Amino acid sequence: MEIISENKCFDGVQGVYKHTSAVTNCDMTFAVFMPSAAEIGPVPVLWYLSGLTCTHENAMTKAGAQAWAEEAGIALVFPDTSPRGDGVANDDAYDLGQGAGFYVNATQTPWAPHFQMWDYIATELPSVIADNFAVDMDRQAITGHSMGGHGALTLAMGLPGRFKSVSAFSPICHPSASDWGRKQLGAYLGDDQSTWAQHDATLQMQAVGFDGPILIDVGTNDQFLDLLQPEALAAAAAKRRAEFSLNLQKGYDHSYFFVSSFIADHISFHADALYRD
C-alpha cells in the first residue's frame, strides 16, 4: 500500500492511499479517515460509497463527515467508484464505464477484466483496511450517495451479518426498473435479468431484507427522484416490516450540499448501531 497523502484533520488523520488490486487488475486509490481514538485501540468503521462520476475524493472533501466521525470515534473509508487507467474499458457516457462501476462484478465484454467492484468492496479492500489500519472489523456499517447508496444497500443485504446498519442519501432504489440501472446492469451483467436481482435493493428487500436499522434520506427537489424510486424500496420494507426510515427532506436536491446537510444525522445513526452491543 502506497501513502499518497496524510493530513491531520479534526485531531484525526485523513489519508489517501493506492494499492495494486488483484481483483480489478489495476491500481486502485482510496481514502481513509482515522479518528484520534484509533491511537488507543481499534475503532468501528463506516464505509462511504460514492455516486456516478465520483472518485474517492468527492465525499472526502465535500461531505463534511470527518468532524462527526472524530466525535463518534469512527473510521471512514472512501473507495473509488470504479477501476481506472490505461487499458481499462470506458464509455463516452458519464453513467457507464470509469466512474460508474455500479458495485457489480461485470461478466460481459469489455467490462469483465476490470469491473469487479462487488468483490473489490466486499473482499479485497476490507482485507487491505484490516491489515493496515486500527479498525474493528466486527463493527462495520455502510452508507453511500446515489449510485453509492445503491451499492451500500445491496452490499448490506447481500453480505448478511457484515454490517450493523446501512444508510443512504438519494439512493438508486430499484435499478432494474429504472433508466439509472437497466442500461448499466444490462451492459455489465448481460440480458438475463435474473442476474440483476442481487443488485436491486427493492428486490433484495423483498427476497432477504436486512437484519438491522436502515436510514434513507431523499430531497423532495431531487432532480433525479423519478429515477431513484425510493417509494418502491419503502413499500418492500413496509411489507417485510423492516427497521426502516425514509426521510423526505423538503427542498433539497441531489447535490453534496444535501449530503453535507444530513451527514451528522447519518454518522450518529451508525454510531448508535456500532456501539449498541
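Up top is the structure.
Read on for a plain summary of the structure. Bear in mind that the values here come from a model prediction, so they are computed numbers and not experimental data. (Residues numbered from 1 in each chain as written. Predicted model: local features only at pLDDT ≥ 70, side-chain atom pairs only at ≥ 80, totals over all residues. Heavy atoms only, no water.)

1. Here's the deal with the pattern of salt bridges
As enumerated under the stated definition, the model contains four salt bridges in all. One salt bridge in this structure joins D136 and R139, with 2.8 Å as the shortest N-O distance. (Salt bridge = Lys/Arg side-chain N within 4 Å of Asp/Glu carboxyl O.)

2. Focus on the packing of helix α3 (residues 117–132) against helix α4 (residues 147–158)
In a pair of packed helices, the angle between the axes and the distance between the axes together describe the arrangement. Two elements in contact, α3 and α4, have axes separated by 12 Å at closest approach and are oriented at 60°. For the element pair α3 / α4, the angle class is oblique. Seen from above, α3 lies across α4 with right-handed handedness. Contacts between α3 and α4 involve W118, I121 and A122 from the former and T154, L155 and G158 from the latter. Classifying every residue of the contact of α3 with α4 by side-chain character gives four nonpolar, two polar and no charged. (Axes fitted to C-alpha atoms, helices over the stretch in contact; angles between N-to-C directions. Helix = DSSP H or I, 4+ residues; strand = E, 2+ residues; numbered from the N terminus. Parallel < 35°, antiparallel > 145°, perpendicular 65-115°, else oblique. Left-handed = near helix turned anticlockwise from the far one by under 90°. Contact = heavy atoms within 4.5 Å. Nonpolar A, V, L, I, M, F, W, Y, C, P; charged D, E, K, R; others polar.)

3. Overview of the side chain of Q249
Its location among the elements puts Q249 in strand β9 (residues 244–249). Residue classification places Q249 among the buried positions, given a relative accessible area of 17%. Within polar-contact distance, the side chain of Q249 engages the side chain of D217 at 2.6 Å. If sequence neighbours within four positions are ignored, Q249 has contacts with D217, V218, G219, T220, F258 and F262. (Buried < 20%, exposed > 50% of the residue type's maximum accessible area, 1.4 Å probe, protein only. Polar contact = N/O pair within 3.5 Å; in protein donor to acceptor, adjacent residues only side chain to side chain.)

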